[in-house]
Amino acid sequence: MVAFNIEFAVFEVGDGVQERRFNAPLTALTGETGSGKSTLLEATWWTLGVDRTKLMHAAAACARVGFTARIGGSRWRITRSTTDPKEDVAFTNITTGVEEQHPVKGSEARRSAADVFQDLLGIPRLGIGRTRVTLDLLQPWIYARQDSLPTHYLGGQGKEQRVSVGRVLLGADDETIDALRQDSTDKTKKWRSATNRVKKILRDREEHELPSLEDLQRRAAQWTAQHQEESARVRGANAELSRLHHEMAALEQKASTADEARRAAQTAADDRERTARLLEAAAAEARGRLAGLREAATDPRLCPQCVRPLDLTGLSQDDCPVCQRFDPERQQRTHQFQQRMAEAQQGAERAREAARRAAQAAEDARGRAGDADRAGTEAWASARAFVQDVIAPQQQIVVEAEASVRELAARLEQNTEHLRELTELTGLREQLPKLQELKEAAEAAYTAARNDTDLMVKQGTDRWSDHLLRRMQACDPEITTASVSPEDFSVTVNGGAFDSTVVTGHGRTRINVSTLLALRDTAREVPAMPVPQFLMVDSPFTGLGNSPKDQRTGAALLDGLTELATSQHPAGTGGQVIIACTELLGPPQAAVREIRTSLANGAIPGLPPRDSDTA
């Protein structure tokens, strides 16, 4: 057994460090509800990351919480941050000055803070899964909490977990027993796994009417050959499809070229039409000028200048039709007018011919544009027909061939799996006798070791029961029998189990406290038991009144707690008890140090006064 005593509760408040000293074998935190007594006790286990412990309001107001303790031959200071609860827990070995950091939740690479603390206590972490003896399962055997003490045996721990912890604390289960158990479990799992696998393979073969080994091998050869043929067909079909895609690309290129030619022809036709319209407009203008000159020349009754009717009576060709005087240059002007008429005639004819040629060129360009449009349409129609009549059928050939390949591959994979199962079945059938032999040998070894330790458990629970009866009778002389079951470590008092107690409250509280005290009485007689002579109890006097019987019970419990705190283990280590209660019952004792608390002066020093009604 490793000695364990808490010297200080440590709290970082503001810029300073506050300590609550536990410098007596039995320290009693007393005072009104809400002064922080339970908060201080809970903070101890919250520091280590124990499940279901709470960081209460007052402790959360501190930057860090923890404790200083003597564990074995060393002094340790263990603290944890409240501002970042996921931060590693600090373990400082005051004796050597070395500091370690351990996570709140462990992993394969790092032990958790709770596991490190349990290793320091020297209590082995045996078992697996939910029954593995961790600090979470050990806590109810070391710390009796206020919320479960008057209602649940050992904090409500389940039977399987209670058995695992009880056997370890009685010294019955150790690393050797655990190794034998693990070996038996592993070999049983291997045998059971092989047996179940054989049954499953046989069941599947029967349900699906699977063929024999020879049929599977024949199918494998047949389907492999078919798979190779279909794979070759897929490769050929893909190669042909690739060639056709190249042809398709050429057709699309031809159609694209036709589109470009169509656009160019359309542009040229548009240009020719614009030119023809311009020349036609110019010809019309020339014809208009010619028509004007003709009109002026063919009507001598009009003045050539003002185009007003003239009186030509008695005038010669040399007389001016306007002023009716002799005009020697009139004939010359007439000649010039005729010359302009001739020039206008020629200009009109040239313009008409240019317009005719432009119209013919526009008509020719429009014809070429139509031809280019038909060529483009035919090119794209040819490409689409090639896709529909050539590409699509070849793609369908590829799809069908690939589907056939996939189907054959799936058949081969399934066939291979069946062959693998048959090979596995043959191997498992050969291994089963050996696996069963190993399983039975491991079970026999573990059973033999367990039978030997069962005797140790029986002897330990007999001693435990004797001490339990003594402590229960100190509380109530009318109690005649009290026992601890060697099968599941449950308690029976006066023939009734813990849960059959009619009234909850102090009747169950004294059973819990007496059971924990009796276990430590037994450990002093059996030094091999790794039970620390340490106990923390929150509200051990719950439900007690002022009647003589209640006063006797309270005094007996206080005497028992004091006895544990002041006793010496054969290994030379002393005990320690820390309790929290409203007030102490009975006269003060030298081994007891009472720390009075109140809302104004709480259990955690350095904090402002509280007005909460939560302990």
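Residues numbered from 1 in each chain as written. Predicted model: local features only at pLDDT ≥ 70, side-chain atom pairs only at ≥ 80, totals over all residues. Heavy atoms only, no water.

Draft legend 1. Local environment of the overall build of the protein chain. Across its full length, the protein chain holds ten helices and 14 strands. For 615 residues, the compact-globule estimate of 2.2 N^0.38 gives 25 Å, and the C-alpha radius of gyration of the protein chain, at 56 Å, exceeds that figure by more than 25%. Oriented by its inertia axes, the alpha-carbon framework of the protein chain measures out at about 180 × 85 × 50 Å. Counting only residues that meet the buried cut, the protein chain has 43% of its 615 residues in that class. Partitioning the contacts of the protein chain with sequence separation of at least 6, the portion at a separation of at least 24 is 68%. Carbon and sulfur atoms make up 51% of the accessible area of the protein chain, which amounts to about 32000 Å² in all. (Helix = DSSP H or I, 4+ residues; strand = E, 2+ residues; numbered from the N terminus. Rg over C-alpha atoms; globule rule 2.2 N^0.38 Å. Buried < 20%, exposed > 50% of the residue type's maximum accessible area, 1.4 Å probe, protein only. Contact = heavy atoms within 4.5 Å. Areas by Shrake-Rupley, 256 points an atom, 1.4 Å probe, with all protein chains shown as cover.)

Draft legend 2. Spotlight on the sheet that holds strand β8 (residues 143-144). Taken in spatial order, the five strands of this open sheet run β8-β12-β13-β3-β14, and their pairing is parallel. The open sheet is flanked by β8 and β14 (592-597), the only strands paired with a single partner. Here β8 pairs with strand β12 (residues 534-538) via two bridges, running parallel. Residue pairing for β12: A144 is matched across the bridge by V537. Strands β3 (26-31), β12, β13 (576-581) and β14 of the sheet are contacted by helix α10 (residues 548-566), whose axis makes an angle of about 145° with β13. (Pairing = 2+ DSSP bridges. Axes fitted to C-alpha atoms, helices over the stretch in contact; angles between N-to-C directions.)

Draft legend 3. Summary view of helix α4 (residues 135-142). Of all the eight residues making up α4, seven are buried; the element is thus mostly covered by neighbouring parts of the structure. Taken residue by residue, α4 has L135, L137, L138, Q139, P140, W141 and I142 as its buried positions.

Draft legend 4. Quick peek at the packing of α4 against helix α5 (residues 159-169). One way to put it is that α4 packs onto α5 with a least axis distance of 10 Å and a crossing angle of 75°. Put simply, α4 runs roughly perpendicular to α5. The segment α4 lies against α5, with L137, L138 and W141 engaging Q161, R162, V165, G166 and L169. Of the residues assigned to the contact of α4 with α5, the class counts are five nonpolar, two polar and one charged. (Parallel < 35°, antiparallel > 145°, perpendicular 65-115°, else oblique. Nonpolar A, V, L, I, M, F, W, Y, C, P; charged D, E, K, R; others polar.)

Draft legend 5. Here's a closer look at α5. Burial of α5 is extensive: nine of the eleven residues sit out of reach of the surface. For α5, the full list of buried residues reads Q161, R162, V163, S164, V165, G166, R167, V168 and L169. One or two steps after α5, the chain reaches G171, where phi turns positive at roughly 80°.

Draft legend 6. Inspection of the sheet that holds strand β5 (residues 74-81) at higher detail. Here six strands make up an open sheet; going across it, the order is β2-β1-β4-β5-β6-β7 and the pairing antiparallel. With partners counted over all chains shown, the strands left at the sheet margins are β2 (16-21) and β7 (98-102), one partner each. Recorded for the sheet is a direction-independent mean angle of 20° between the axes of neighbouring strands. Pairing analysis gives four bridges linking β5 to strand β6 (residues 89-93), with the strands arranged antiparallel. Counted as the bridge partner of T79 is A90 from β6. Packing of helix α3 (residues 113-121) onto the sheet brings it into contact with β1 (4-13), β4 (64-71), β5, β6 and β7, and relative to β6 it is tilted by some 30°.

Draft legend 7. Summary view of the pattern of salt bridges. Within the structure shown, the criterion is met by 45 salt bridges. The partner of R70 in a salt bridge is E7, and the shortest N-O contact between them spans 3.6 Å. Taken together, the residues span a long stretch of sequence, with R70 in strand β4 and E7 in strand β1 at a distance of 63 residues. Residues D270 and R366 are paired through a salt bridge, measuring 3.0 Å at the closest nitrogen-oxygen approach. (Salt bridge = Lys/Arg side-chain N within 4 Å of Asp/Glu carboxyl O.)

Draft legend 8. Fine view of unusual backbone geometry. Backbone geometry places R52, a non-glycine residue, at a positive phi of 70°. On the secondary structure map, R52 appears in the loop between α1 (37-47) and α2 (57-60). Backbone geometry places L154, a non-glycine residue, at a positive phi of 50°. Tracing the sequence through the fold places L154 in the loop between β8 and α5.

Draft legend 9. Focus on the packing of aromatic side chains. Scanning the model with the defined rule gives eight aromatic pairs in all. Ring geometry for F4 and F534: centres 4.6 Å apart, planes at 55°, overall tilted. You can see F4 sitting in strand β1 and its partner F534 sitting in strand β12, a full 530 residues away along the chain. When its relative accessible area of 3% is taken as the criterion, F4 is described as buried. Taken together, F4, F67, F117 and F534 form an aromatic cluster joined through their ring pairs. (Phe/Tyr/Trp six-rings, centres within 6.5 Å; stacked < 30°, edge-to-face > 60°.)

Draft legend 10. Quick look at the environment of E424. Its location among the elements puts E424 in helix α8 (residues 330-475). In sequence terms E424 and L138 are 286 residues apart; their C-alpha atoms lie 45 Å from each other. Not counting the four nearest positions on each side in its chain, E424 is found in contact with R197 and I201.

Draft legend 11. Seen up close, the environment of K254. If you trace the backbone, K254 turns up in helix α7 (residues 213-297). On the accessibility criterion, K254 (58% relative accessible area) is exposed. In this structure the C-alpha to C-alpha distance between K254 and I6, which are 248 residues apart in sequence, comes to 96 Å.

Draft legend 12. Representation of the pairing of β12. A large share of β12 lies buried, amounting to five of its five residues. Bridging between β12 and β13 involves five bridges; their strand directions are parallel. When the bridges of β13 are listed, L535 appears paired with V577.

Draft legend 13. A look at the environment of S242. As for its placement among the helices and strands, S242 is situated in helix α7. Along the sequence, S242 and I391 sit 149 residues apart, while their C-alpha atoms lie 9.6 Å from each other.

Draft legend 14. Quick look at the pairing of β3. Burial within β3 is extensive, with six of its six residues counted as buried. Burial along β3 is two-sided: the face carrying L26, A28 and T30 and the face carrying T27, L29 and G31 are both buried. When β3 meets β13, the two strands line up parallel, connected through five bridges. Bridge assignment links L26 to a residue of β13, and that residue is V577.

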